[in-house]
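Structural features, examined
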Amino acid sequence: MKVHEAILRRTNLQAYTWVMLPVVAIGGWFYTPLGFLLFGCMIGAVGVSFFRGRNWCDWMCPRGAFLDLFLRPISRKITIPAFFRHEAVRSFMLLLIFIVIGVQFYLAWGDLQAMGLALVRVLTITTVVGILLGWGIHPRTWCHICPMGTVAHWIARRQKPLQTGSSCVSCGICTKVCPMQLAPNEFSDHNLEYSDCLRCSSCVYSCPKMALSFENNVNRTESYQKAS
Ligand code: SF4
Ligand code: SF4
């Protein structure tokens, strides 16, 4: 698979999933039980993370797909501040969202309309924040503090990182194409940034030295040629 084919495939998949965002974030204000679909996204993100890290966030998450498709053309695309990667900030966001949902559920318990509205409200507010961050900084800034993304990234630490072969010349192209602004050629058991990898493969297909692979203990060039 060539670089543009890999990007096109990803964009095509995202073109289906982003639709669910306005369905719930806008439609939910008119039919509040739609808010319960949020639980599907939460379960999906966590469930997939046990097998494929944050791959849900790549194209299966409607908000992630929306941010990639619609914010990329207008985003300032500057470096995401380290603040957004800090564990304390991410943990705070996770706690905050669960407290907000928990309190609203407690007050509305038994009233499905009100409970659904609580979820729609949270989705709408976080989406507005995600859009502002996506425009002002980088499309995927929100994904660093997304509560379910944080849980998925903790679980993903149990998995092997993307591997870098000895042919890497540290040119930095992989970081330039990475939607999460990661440096995959620096992933290691000590550099846990790999747990935020979306497994989009953009870096794998962009590397001029064919140095990156999700397979372990393989000749990267052979692996690349097999995929072509
Ligand atoms: S694009 Fe390839 S060669 Fe360049 S830094 Fe990344 S892994 Fe190394
Ligand atoms: S490190 Fe590579 S596979 Fe992971 S998110 Fe970045 S570009 Fe995609």
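Look up a bit, the structure's there.
To start, this report covers the structure provided alongside it. Source: prediction; values computed, not measured. (Residues numbered from 1 in each chain as written. Chains lettered and ligands numbered in written order. Predicted model: local features only at pLDDT ≥ 70, side-chain atom pairs only at ≥ 80, totals over all residues. Heavy atoms only, no water.)

Looking at the site of ligand 1
In the vicinity of ligand 1, the contacting residues are Cys 168, Val 169, Ser 170, Cys 171, Gly 172, Ile 173, Cys 174, Asn 185, Cys 207, Pro 208, Lys 209 and Leu 212. The residue inventory of the shell around ligand 1, partitioned by class, reads eight nonpolar, three polar and one charged. (Near = heavy atom within 4 Å. Nonpolar A, V, L, I, M, F, W, Y, C, P; charged D, E, K, R; others polar.)

Digging into the packing of helix α5 (residues 62–71) against helix α7 (residues 112–136)
One way to put it is that α5 packs onto α7 with a least axis distance of 11 Å and a crossing angle of 35°. The chirality of how α5 crosses α7 is right-handed. From α5, Arg 63, Phe 66, Leu 67 and Leu 71 reach across to α7, where they touch Leu 123, Thr 126, Thr 127, Gly 130, Ile 131, Gly 134 and Trp 135. (Axes fitted to C-alpha atoms, helices over the stretch in contact; angles between N-to-C directions. Helix = DSSP H or I, 4+ residues; strand = E, 2+ residues; numbered from the N terminus. Left-handed = near helix turned anticlockwise from the far one by under 90°. Contact = heavy atoms within 4.5 Å.)

Considerations on the nonpolar core
Formed by 51 residues in total, the largest nonpolar core has its most connected members in Ile 101, Trp 142, Ile 145, Met 148 and Leu 212. Element by element, the count of residues in this core is highest for helix α6 (residues 87–108), at seven residues. Both domains that furnish three or more residues to this core are identified here as domain 1 (3–156) and domain 2 (163–227). Discounting chain neighbours no more than four positions away, the residues touching Met 148 are Met 42, Ala 45, Val 46 and Phe 98. (Core = buried A, V, L, I, M, F, W, Y, C linked by side-chain atoms within 4.5 Å. Buried < 20%, exposed > 50% of the residue type's maximum accessible area, 1.4 Å probe, protein only. Domains from an automatic or database assignment.)

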